[in-house]
Amino acid sequence: MINVVVLEGSLSRPPAVRSLPSGDQIVTYEVTVRGQDQPAESVPVAWINPPARRGAPPGEVVVVVGRVRRRFFRTPAGTGSRTEVLAEAVIPARQRKRAQAATESAVAKVAARVA
């Protein structure tokens, strides 16, 4: 089985950084994707232990490569869940060579799997 996501969209808000009890850092993004003649969709993105450079300011177009995950957590009302993209890379689209290389790598994973 394969779980690969590549999306391009604009950051809707500044990245939020949290430290987890394990010592890991998680950076969360909200990426807005607008398809031609389709309504905008907001996609939650999480990146665990990203490199020091964590992305771009709100409004900047980014390319995200990763996988879809659904995580469960406890809330005062019971069990909650969230579906999000777990990022391997969040690259400003203006860095075309890096964004293209990350996208090609993701496509190659899919091609190798379905071939």
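We now turn to the structure provided with this report. A quick note: this is a predicted structure, and the numbers were derived from the prediction, not measured.

A closer look at the pairing of strand β4 (residues 40–48)
Summarising the sheet, strand β3 (residues 25–34) and β4 pair through nine bridges and their orientation is antiparallel. Along β4, the bridge assignment pairs valine 31 with valine 43. Two elements, β4 and strand β6 (residues 78–92), share two bridges in a ladder whose sense is parallel. Bridging from a neighbouring strand, valine 45 pairs with valine 85 of β6.

Some details on a nonpolar patch on the surface
A cluster of nonpolar side chains, Ile2, Val110 and Val114, forms an exposed patch at the surface whose accessible area comes to about 250 Å². Mapped onto the fold, valine 110 is located in helix α1 (residues 96–114).

What about unusual backbone geometry?
With a phi close to 55°, aspartate 37 is a non-glycine residue in the positive phi region. Position of aspartate 37 among the secondary structure elements: in the loop between β3 and β4. Residue asparagine 49 is not a glycine yet carries a positive backbone phi of 50°. The topology assignment puts asparagine 49 in the loop between β4 and β5 (61–75). For asparagine 49, a relative accessible area of 43% gives the class partly exposed.

What to know about the nonpolar core
Counting residues in hydrophobic clusters, the biggest one holds 15 residues, and the most contacted among them are Tyr29, Val31, Val45, Val64 and Val90. If you list the elements that add at least two residues to this core, you get β1 (5–11), β3, β4, β5 and β6. Listed in part, the eight residues of the second largest apolar core include Val63, Val65, Ile91 and Ala102.

What counts, and at which threshold
- Residues numbered from 1 in each chain as written.
- Predicted model: local features only at pLDDT ≥ 70, side-chain atom pairs only at ≥ 80, totals over all residues.
- Heavy atoms only, no water.
- Pairing = 2+ DSSP bridges.
- Helix = DSSP H or I, 4+ residues; strand = E, 2+ residues; numbered from the N terminus.
- Patch = residues over 30% accessible without salt bridge, like charges linked within 9 Å, V, L, I, M, F, W, Y side chains within 5 Å.
- Areas by Shrake-Rupley, 256 points an atom, 1.4 Å probe, with all protein chains shown as cover.
- Salt bridge = Lys/Arg side-chain N within 4 Å of Asp/Glu carboxyl O.
- Buried < 20%, exposed > 50% of the residue type's maximum accessible area, 1.4 Å probe, protein only.
- Core = buried A, V, L, I, M, F, W, Y, C linked by side-chain atoms within 4.5 Å.

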